[in-house]
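Each chain, letter by letter, is given below.
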Amino acid sequence: MTILNLTSFAQIRGVLTVSEADLPDETLASYGLDDDLAADLDSWVPGWAAIAVPEQARSLRLFSKYFCAAAVASSAPVFVLTKMSDGSNEGQRNGTEGFRWLSEAMSAKAQVHKSALLLALGTEPAP
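Let me sum up the structure you'll find in this document. Since we're looking at a predicted model, the values are computed, not measured.

1. Here we look at the side chain of lysine 114
Mapped onto the elements of the fold, lysine 114 is located in helix α6 (residues 96–120). Of the side chains with opposite charge, aspartate 40 comes closest to the buried, unpaired lysine 114, at an N-O distance of 5.0 Å. Other than its neighbours up to four places away in sequence, lysine 114 contacts Trp44 and Phe63.

If you want it as structure tokens, here you go:
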């Protein structure tokens, strides 16, 4: 499923390195990421939907992917199992701190692509 034709649920899962079993489309759909992403884009790049220059479009898509991944990662401890056991074997994934780090890392990547897009558009990024 796509989000504003800029990114997809599969891409978000890919950068977060989770499977569709851990993070199904139904869960991602409930986030309403399209509204959050559109509101954010509207605030700093009016006319984003009409961007057609390949370099600018790529930066827009990359920003969108990492912006959405950061939003999902911030609530990951709620939906990602942290400890699994089958009686004989036990495994544990990162706890809350790991997901906080992941959310911050995704936000930082989004900001890099936001700055690149603003520069490509001839707009000075905010400090």
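The discussion continues.
2. A few points about the nonpolar core
Counting residues in hydrophobic clusters, the biggest one holds 32 residues, and the most contacted among them are Ile12, Leu16, Leu37, Leu41 and Trp48. Elements with a contribution of two residues or more to this core: α1 (9–16), α3 (33–44), α4 (54–73) and α6. If we skip the residues at most four places from it in the chain, leucine 16 touches Leu23, Ala69, Val72, Ala73, Leu102 and Met106.

3. Things to note about the packing of α3 against α4
The contact between α3 and α4 brings their axes to 10 Å, and the two run at 125°. Taken together, the axes of α3 and α4 are oblique relative to one another. Regarding α3 and α4, the two cross each other, and that crossing is right-handed. Every residue of α4 that contacts α3 at Leu33, Asp36, Leu37, Asp40, Leu41 and Trp44 is listed here: Leu60, Phe63, Ser64, Phe67, Cys68, Ala71 and Val72.

4. Observations concerning the packing of aromatic side chains
Aromatic rings in a pair are described by how distant their centres are and how their planes are angled relative to each other. Considering all chains together, one arrives at two aromatic pairs under this definition. An aromatic cluster is built from Trp44, Phe63 and Phe67, whose rings are joined through pairwise contacts.

5. As for unusual backbone geometry
Note on backbone geometry: most residues besides glycine have negative phi, and most peptide bonds are trans. Unusually for a residue other than glycine, leucine 4 sits at a positive phi of about 55°. Structurally, the position occupied by leucine 4 is in the loop between β1 (2–3) and β2 (7–8). On the basis of relative accessibility, which here comes to 30%, the residue leucine 4 falls in the partly exposed class. One non-glycine residue with positive phi stands out, namely threonine 17, at about 50°. Summarising the element assignment, threonine 17 is placed in the loop between α1 and α2 (25–30).

Criteria and thresholds
- Residues numbered from 1 in each chain as written.
- Predicted model: local features only at pLDDT ≥ 70, side-chain atom pairs only at ≥ 80, totals over all residues.
- Heavy atoms only, no water.
- Helix = DSSP H or I, 4+ residues; strand = E, 2+ residues; numbered from the N terminus.
- Buried < 20%, exposed > 50% of the residue type's maximum accessible area, 1.4 Å probe, protein only.
- Lys, Arg positive; Asp, Glu negative; His and termini not counted.
- Salt bridge = Lys/Arg side-chain N within 4 Å of Asp/Glu carboxyl O.
- Contact = heavy atoms within 4.5 Å.
- Core = buried A, V, L, I, M, F, W, Y, C linked by side-chain atoms within 4.5 Å.
- Axes fitted to C-alpha atoms, helices over the stretch in contact; angles between N-to-C directions.
- Parallel < 35°, antiparallel > 145°, perpendicular 65-115°, else oblique.
- Left-handed = near helix turned anticlockwise from the far one by under 90°.
- Phe/Tyr/Trp six-rings, centres within 6.5 Å; stacked < 30°, edge-to-face > 60°.

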